[in-house]
Amino acid sequence: MPAAPKTALFLSGLSTLFIVGAGSAILGLAVPVYEHQFQLSTATSGLLVSTVWIGCLTGVLTMYFKGAQIKPRPPLALVVVGSVLMAVAPAFWVALLGALIFGIGYGAIAALFNARVLYAYGAQGASRIGMLNVLYSVGAIVAPYGFTLMGASLLPVFWAMAGLSALTWVFCGPVGLAGLSAPQAH
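Residues numbered from 1 in each chain as written. Predicted model: local features only at pLDDT ≥ 70, side-chain atom pairs only at ≥ 80, totals over all residues. Heavy atoms only, no water.

## Describing the packing of aromatic side chains
With the rule as written, the count across this model stands at 8 aromatic pairs. Here the aromatic rings of Trp-53 and Tyr-106 are separated by 5.5 Å at their centres, their planes lie at 55°, and the arrangement is tilted. Taken together, the residues Trp-53 in helix α3 (residues 47–66) and Tyr-106 in helix α5 (residues 92–120) connect sequence positions 53 residues apart. When its relative accessible area of 7% is taken as the criterion, Tyr-106 is described as buried. Between Tyr-64 and Phe-65, the ring centres sit 4.9 Å apart and the planes meet at 90°, which makes this aromatic pair edge-to-face. Residue classification places Tyr-64 among the exposed residues on the basis of a relative accessible area of 65%. A relative accessible area of 63% means that Phe-65 is categorised as exposed. Here a set of aromatic residues connected by ring pairs shows up, and it is made of Trp-53, Phe-102, Tyr-106 and Tyr-136. When the ring centre of Trp-169 is taken as reference, the NZ or CZ atom of Arg-73 above it lies at 4.1 Å. (Phe/Tyr/Trp six-rings, centres within 6.5 Å; stacked < 30°, edge-to-face > 60°. Helix = DSSP H or I, 4+ residues; strand = E, 2+ residues; numbered from the N terminus. Buried < 20%, exposed > 50% of the residue type's maximum accessible area, 1.4 Å probe, protein only. Lys NZ or Arg CZ within 6 Å of the ring centre and 35° of its normal.)

## Digging into the packing of helix α4 (residues 73–88) against α5
In contact at an axis separation of 7 Å, α4 and α5 are set at 155° when each is read in the N-to-C sense. As far as their axial angle goes, α5 and α4 are roughly antiparallel. Of the two elements, α4 crosses α5, and the hand of that crossing is left-handed. Residue-level inspection shows Pro-75, Leu-76, Leu-78, Val-79, Val-81, Gly-82, Ser-83, Leu-85 and Met-86 of α4 in contact with α5, the latter providing Val-94, Ala-95, Leu-97, Gly-98, Ala-99, Ile-101, Phe-102, Ile-104, Gly-105, Tyr-106, Ala-108 and Ile-109. (Axes fitted to C-alpha atoms, helices over the stretch in contact; angles between N-to-C directions. Parallel < 35°, antiparallel > 145°, perpendicular 65-115°, else oblique. Left-handed = near helix turned anticlockwise from the far one by under 90°. Contact = heavy atoms within 4.5 Å.)

In structure tokens, the structure reads:
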């Protein structure tokens, strides 16, 4: 595999796993914020977490059935849109829609980058996956910390996730379908 798409795949993977790590960590903090903002019960605002994970399952299943045709940009676009909707939600149903869209992108991203980086880097693939997971963990640490620094406001975290996703979308063009195995002749 040429070096440029392989490198773009890995660097895009680092960025996207950071973003989804941030997204997964901010969810627990978002529940009481939305509960207060929209005057909801804890049970109702907790639907945010379930909705993201339903989206993730949908994204993973989509990749299972259609993954060989999906490039990184569509899932990243979903993460951008989902993050923006959660940031600007004028009503809780808009936040839930954002959570679902974010989750679909998240699930697709996890399935896409883990498998393709593993394949693209061969014997070094497992260590590269470890590096992706480290960035996921860093995102999961940074998002709640940023939330705290910003006076318990979700807006800067969601806008940062959307902005970083959009920036990654711009720079991941060379990735294409890098990391997919060549079709086997029968």
